[in-house]
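Structural characterization, general
Listed below, chain by chain, are the residues.
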Amino acid sequence: MTAREEHLVELVDNDGTVVGSTTVAAAHQPPGQLHRAFSVLLVDPAGRVLLQQRASVKTRFPLRWANSCCGHPEPGQSLRNAANRRLMEELGVGPVGLTEVGVHLYFAEDPSTGRVEFEYDHVLCAAFAPDQPVSPDPTEVADLRWVDPEELRADIAAVPDRYAPWLVGVIERYLQSAPVAGNATVPTGGSGAAGVPAGAASGSTGPTDNAAEPPGGR
């Protein structure tokens, strides 16, 4: 078993209440165990979102296009700290100010690997200028591109197998939370909002906030 598969995730019920913990490996074996995750969207001043193409070595949905960064908080770890740590590990950026714009619960099976995703996924957004430097880890990220979210929603509907299955829910939460779809600002509220102003450094809480998620954690 790899270090990544031994990483602990937080098991939750349909309301997001913690009910236990298990390893990444166990959570993603069929039939799957519902666990907490997060999906980050970096948004530029024009309202475009940064997508990453998942590396070929990913154990779930390799080479699919997904949102800017994904991961799992460890039990007791704050979402903001976990997300900023993954942004640094995957893209070499951060910390950034993160706002939670919603949650979606989804289930998906990866036909190529036999793994499953069954996640209570917190969608986090942050303002990010497209000229800011990024340094993607090639074991995590195959490619990056900026895209208009409305165009992305249409392309997901037309060619769903090009994208990670959770991305449609991530984009919907972002568009529903924005005052105007495709606006030039990151939403600062909405369902389950974390209340962190865009551009502000995130705080630190929780006993395991110094624990990094191993590469490929989601």
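The coordinates are above.
Now for a description of the structure that goes with this document. Every value quoted in this text rests on a predicted model; they were computed, and no experiment measured them. (Residues numbered from 1 in each chain as written. Predicted model: local features only at pLDDT ≥ 70, side-chain atom pairs only at ≥ 80, totals over all residues. Heavy atoms only, no water.)

With 24 residues, the main nonpolar core has V49, L51, L152, W166 and L167 as its most contacted residues. Counting only elements with at least two residues in this core, the list comes to strand 3 (35–43), strand 4 (49–54), strand 5 (65–66), strand 7 (99–109), strand 8 (116–127), helix 4 (149–158) and helix 5 (167–177). With five residues, the single largest contributor to this core is helix 5. One finds F38, L42, A83 and V141 within the second-largest nonpolar core, a separate group that totals 17 residues. (Core = buried A, V, L, I, M, F, W, Y, C linked by side-chain atoms within 4.5 Å. Buried < 20%, exposed > 50% of the residue type's maximum accessible area, 1.4 Å probe, protein only. Helix = DSSP H or I, 4+ residues; strand = E, 2+ residues; numbered from the N terminus.)

One can describe the packing of helix 4 onto helix 5 by two numbers: an axis separation of 10 Å at closest approach and a directional angle of 145°. The two elements helix 4 and helix 5 meet at a crossing, and its hand is left-handed. Contacts between helix 4 and helix 5 involve P149, E150, L152, R153 and I156 on the former and, on the latter, L167, V168, I171, E172, Y174 and L175. When its residues are assigned to classes, the contact of helix 4 with helix 5 shows eight nonpolar, no polar and three charged. (Axes fitted to C-alpha atoms, helices over the stretch in contact; angles between N-to-C directions. Left-handed = near helix turned anticlockwise from the far one by under 90°. Contact = heavy atoms within 4.5 Å. Nonpolar A, V, L, I, M, F, W, Y, C, P; charged D, E, K, R; others polar.)

On to the pairing of strand 2 (residues 18–23). Summarising the sheet, strand 1 (residues 8–12) and strand 2 pair through five bridges and their orientation is antiparallel. Within strand 2, the residue paired with L8 across the bridge is T23. Taking the residues that link successive antiparallel strands as the turn, the strand 1-strand 2 hairpin has five residues, and the phi of G16 there is positive, at about 85°. (Pairing = 2+ DSSP bridges.)

This part takes up the environment of P73. Along the polypeptide, P73 turns up in the loop between strand 6 (69–71) and helix 3 (79–91). Between the alpha carbons of P73 and A37 there is a distance of 6.5 Å; along the sequence they are 36 residues apart. Leaving out residues up to four positions away in the same chain, P73 has contacts with L8, V9, E10, R36, A37, F38, L79 and A82.

All right, on to the packing of aromatic side chains then. Tallying each qualifying case throughout the model produces two aromatic pairs. Summarising the aromatic geometry, the rings of Y106 and W166 are spaced 6.2 Å apart at their centres and angled 40° between planes, so their arrangement reads as tilted. Linking Y106 in strand 7 with W166 in the loop between helix 4 and helix 5, this pair joins segments that are 60 residues apart in sequence. The two residues Y106 and W166 agree in class, both being buried. (Phe/Tyr/Trp six-rings, centres within 6.5 Å; stacked < 30°, edge-to-face > 60°.)

Among the residues of helix 4, those classed as buried are P149, L152 and I156. The buried residues of helix 4 all sit within an arc of 50° when viewed along its axis, so they share a single face. Exposed residues pointing more than 90 degrees away from the buried face of helix 4 are listed as E151, A157 and A158. Near the N-terminus of helix 4, the side chain that reaches the backbone nitrogen of E150, with its oxygen 3.0 Å away, is that of D148. (Arc of directions from axis to C-beta. Polar contact = N/O pair within 3.5 Å; in protein donor to acceptor, adjacent residues only side chain to side chain.)

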